[in-house]
Amino acid sequence: MYQNRLKGYKQLGYKLKPAGENSGEDEESKIFSNEDEELKKIFTEDIVHAKKRIIVSAPYLSKKEVQDFLWIASKVMLNGVQVIVFVKKADTEEKQKKQKGCLLSMENAGIEVHPKEELSQNLCIIDEKILWYGSVNYLGFSEKEACCMRICDAKIASEIESEIIK
């Protein structure tokens, strides 16, 4: 139901309230649908401008999305940015074979990969201040109707990060 409401809010033109003192003028919180052309552009800009750490939680992986992410992430990793990916462990042998190539590609690029038994959240946290959250899978296939929020709030982002890293 949450995803349906988020999609409805996006269609109605709702915007997220700024986070007060935690929000910079150039950092806007916003709701996106997967069909928004600016979603990928702004997400990529956030990754490229990362200074410390990027954490991604992606239950499922697709080769194309992982390759696209690696291309961007490898550039920021050269500047000392730590990249951590949490992914759901594949539950069948066939899925494990498909997932293995993506996991190896990320590990070979220097990304810290953590497979988890239970993982359902699609999110990305950048520098403990920007949170991308919703049904958009940043390393895998996303439905056309998928939506997400870009929340610029250090308190919320760091709280979610501490929950994910445990």
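As shown above, the structure is provided for reference.
What counts as what
- Residues numbered from 1 in each chain as written.
- Predicted model: local features only at pLDDT ≥ 70, side-chain atom pairs only at ≥ 80, totals over all residues.
- Heavy atoms only, no water.
- Pairing = 2+ DSSP bridges.
- Helix = DSSP H or I, 4+ residues; strand = E, 2+ residues; numbered from the N terminus.
- Axes fitted to C-alpha atoms, helices over the stretch in contact; angles between N-to-C directions.
- Contact = heavy atoms within 4.5 Å.
- Parallel < 35°, antiparallel > 145°, perpendicular 65-115°, else oblique.
- Nonpolar A, V, L, I, M, F, W, Y, C, P; charged D, E, K, R; others polar.
- Buried < 20%, exposed > 50% of the residue type's maximum accessible area, 1.4 Å probe, protein only.

Strand pairing within a sheet occurs via backbone hydrogen bonds; the two strands may be parallel or antiparallel. Pairing in this open sheet of 7 strands is mixed, and the strands run β1-β7-β6-β5-β2-β3-β4 from one edge to the other. Of all strands in the sheet, those with a lone pairing partner are β1 (30–33) and β4 (112–116), marking the two edges. Taking each pair of neighbouring strands and ignoring which way they run, the sheet shows an average axis angle of 15 degrees. Against the sheet, helix α4 (residues 93–108) touches β3 (82–88) and β4, its axis set at about 165 degrees to β3.

It is worth spelling out the packing of helix α3 (residues 63–77) against α4 at this point. Taken N-terminus to C-terminus, the directions of α3 and α4 make an angle of 5 degrees; their axes are 10 Å apart at the nearest point. The angle between α3 and α4 falls in the class roughly parallel. Of α4, the residues touching α3 (which contributes K63, V66 and L70) are C102, S105 and M106. Of the residues in the contact of α3 with α4, the class split is 4 nonpolar, 1 polar and 1 charged.

All right, on to the pairing of strand β5 (residues 122–126) then. Extensive coverage of β5 is indicated by the burial of 5 of its 5 residues. Here β5 shows no split at all, with N122, C124 and I126 on one side and L123 and I125 on the other all buried. Sheet topology note: the strand β2 (residues 53–58)/β5 ladder contains 4 bridges and is antiparallel. When the bridges of β5 are listed, S57 appears paired with L123. As judged from the 5 bridges shared by β5 and strand β6 (residues 130–134), these two strands associate in the antiparallel manner. Paired with C124 across the bridge in β6 is W132. Taken together, β5 and the strand that follows it, β6, pair antiparallel across an intervening segment of 3 residues, in which D127 is found at a positive phi of about 55 degrees.

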